[in-house]
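Chain and residue survey
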Amino acid sequence: MLILLPPSEGKTPAAGGDSVDWTSLSFPGLNTYRARVLEALGTVSAHEDALALLGVGASLKADVERNTRLHAEPAAPAHQVYSGVLYDALGYGSLTAAQRKKADESVLVVSALWGAIRFADRVPAYRLSMATALPDVGRLAPFWKPQLNAALAAATAGELLVDCRSSTYAAAWTPPPAQTVAVNVFTEAGGVRKVVSHFAKHTRGELARHLLQRRGKAPQTPAQLQKAAAARWTVELIEGTARKPHTLNIILPN
């Protein structure tokens, strides 16, 4: 089983330490493409209209300035850099040592800057969305798609993929539908379902934590994933097709 996560919008900068070691990152075949995105991001971030070009507000000026010196910025494990609702709910720091090892092995983060990384990969804090278009790179989702298809094929072969990504990051890589379960979260009241972004992020983080903390074998089929999730939530599984992944709907009371 592999759990696919989006990065968080906000990042927690490392307090100090060495800069990113490209040779130590997972999926080193992506390094050429990572370097292209990093260079383009640095150029855009140094532009006088950088905030507008990256689609962020004035409160994020320091984050954008950091983008211009990412080669030298201190790096930290991805599970420390990524923060926010989903990552708070996953709570890596409060997992046991065995559970953290499981997380390092079974979580993949699809990133606008790095393509795909694992929790133990050390990276600097950055500001970049997969929805952004960069000069000489273009829109990032279609830029990364063929690269991730090639880089992740071997790593994900035969694995059940629990896809907790948002639609923005799901657009960057489409794994084989037969082995993929996309996770949706709804609130329900009076028979009416609604998608609420905050609850979706939080619940996907809770699901990841639940799967990492479970004893015994990890789910290997969509039905086994449904059973594992049903121990905590009201769920339904919608079977996939040749072109669409399976879907696990988690239904929360309103």
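Our structure is the block above this text.
Position numbers for residues count from 1 along each chain, tracking the sequence in the order it is written. Totals for whole chains, interfaces and linings use every residue, but because this is a predicted model, local features are given only for residues with pLDDT of at least 70 and side-chain atom pairs only at 80 or more, for both listing and counting. Processing note: side-chain calculations cover all non-hydrogen atoms of the structure and skip hydrogens and water entirely.

Section: the overall build of the chain
- When its secondary structure is counted, the chain shows 10 helices and 12 strands.
- Projected onto its principal axes, the C-alpha positions of the chain cover 50 × 40 × 35 Å.
- Three exposure classes are used, based on accessible area relative to the maximum for each residue type with a 1.4 Å probe and protein chains only: buried under 20%, partly exposed in between, and exposed over 50%. Counting every position in the chain, which comprises 254 residues, the buried fraction comes to 51%.
- In the chain, the share of contacts with a sequence separation of at least 24, taken over all contacts with a separation of at least 6, comes to 68%.
- Of the accessible surface of the chain, which amounts to about 11,800 Å², a share of 52% is contributed by carbon and sulfur atoms. What counts as a helix is a DSSP run of H or I of at least four residues, what counts as a strand is a run of E of at least two, and both are numbered from the N terminus. Any two residues whose heavy atoms approach within 4.5 Å at even a single point are treated as in contact. Residue-level accessible areas treat just the shown protein chains as cover; the underlying method is Shrake-Rupley with a 1.4 Å probe.

Some words on the packing of aromatic side chains
- Ring geometry is summarised as follows: Phe, Tyr and Trp rings, the Trp one being its six-membered ring, pair when their centres sit within 6.5 Å, and such pairs are stacked at plane angles under 30 degrees, edge-to-face over 60 and tilted between the two. Following the criterion strictly, the structure yields seven aromatic pairs and no others.
- Aromatic pair Tyr87 and Phe119: ring centres 6.2 Å apart, planes at 50°, arrangement tilted. Here Tyr87, found in helix H5 (residues 85–90), pairs with Phe119, found in the loop between strand S4 (115–118) and strand S5 (122–123); they are 32 residues apart in sequence, far enough to count as distant.
- The class of Phe119 is buried, set by a relative accessible area of 0%.
- Taken together, the ring pairs in this structure connect Tyr82, Tyr87, Tyr92, Phe119 and Tyr126 into an aromatic cluster.
- Note on geometry: a ring has a charge over it if NZ (lysine) or CZ (arginine) is within 6 Å of the ring centre and within 35 degrees of the ring normal. Its end group placed over the ring of Tyr126, Lys11 keeps NZ or CZ at 4.4 Å from the ring centre.
- Directly above the ring of Phe186 sits Arg193, whose terminal nitrogen or CZ lies 5.8 Å from the centroid.

Regarding the packing of helix H1 (residues 31–45) against helix H7 (residues 140–156)
- A fitted line through C-alpha atoms represents every axis, and for helices the fit uses only the stretch in contact; the resulting angles, taken between N-to-C directions, go from 0 to 180 degrees. The N-to-C vectors of H1 and H7 enclose an angle of 165°; their axes lie 11 Å apart at closest approach. In terms of their interaxial angle, H1 and H7 are classed as roughly antiparallel. In the crossing of H1 with H7, the sense of the turn from one axis to the other is right-handed. Facing H1, whose interface residues are Tyr33, Arg34, Arg36 and Val37, H7 presents Leu140, Phe143, Trp144 and Gln147.
- Think of it as three bins: nonpolar holds Ala, Val, Leu, Ile, Met, Phe, Trp, Tyr, Cys and Pro, charged holds Asp, Glu, Lys and Arg, and polar takes everything else, Gly as well. Looking at the contact of H1 with H7, its residues break down into five nonpolar, one polar and two charged. In these notes the angle categories are as follows: under 35 degrees is roughly parallel, over 145 is roughly antiparallel, 65 to 115 is roughly perpendicular, and the rest is oblique. Handedness of a crossing is defined here by the sense of rotation of the near helix relative to the far one, left-handed for an anticlockwise turn of less than a right angle and right-handed for a clockwise turn.

So, the layout of surface pockets
- In this analysis the probe radius is 1.4 Å and the grid spacing 1 Å, with only protein atoms considered; a cavity is a set of points the probe fits into but cannot get out of, a pocket is an open set with protein on both sides within 12 Å along at least five of seven lines, and lining residues have an atom within 4 Å of a point. Grid points are joined across faces, edges and corners, and a volume is the space filled by probe spheres set on the points. The computed volume of the largest pocket comes to approximately 580 Å³.
- Breaking the lining of the largest pocket down by element, the ones donating at least two residues are H5, helix H8 (167–170) and helix H9 (197–213).
- Classifying every residue of the lining of the largest pocket gives 12 nonpolar, 10 polar and five charged.
- Along the walls of the second largest pocket sit 18 residues, with Asp163, Arg165, Ala170, Ala182 and Pro245 positioned nearest its centre.
- For the lining of the second largest pocket, the elements supplying multiple residues, two or more each, are H8 and strand S9 (180–189).
- Of all the elements, S9 adds the most residues to the lining of the second largest pocket, at four residues.
- Its residues placed into classes, the lining of the second largest pocket shows eight nonpolar, five polar and five charged.

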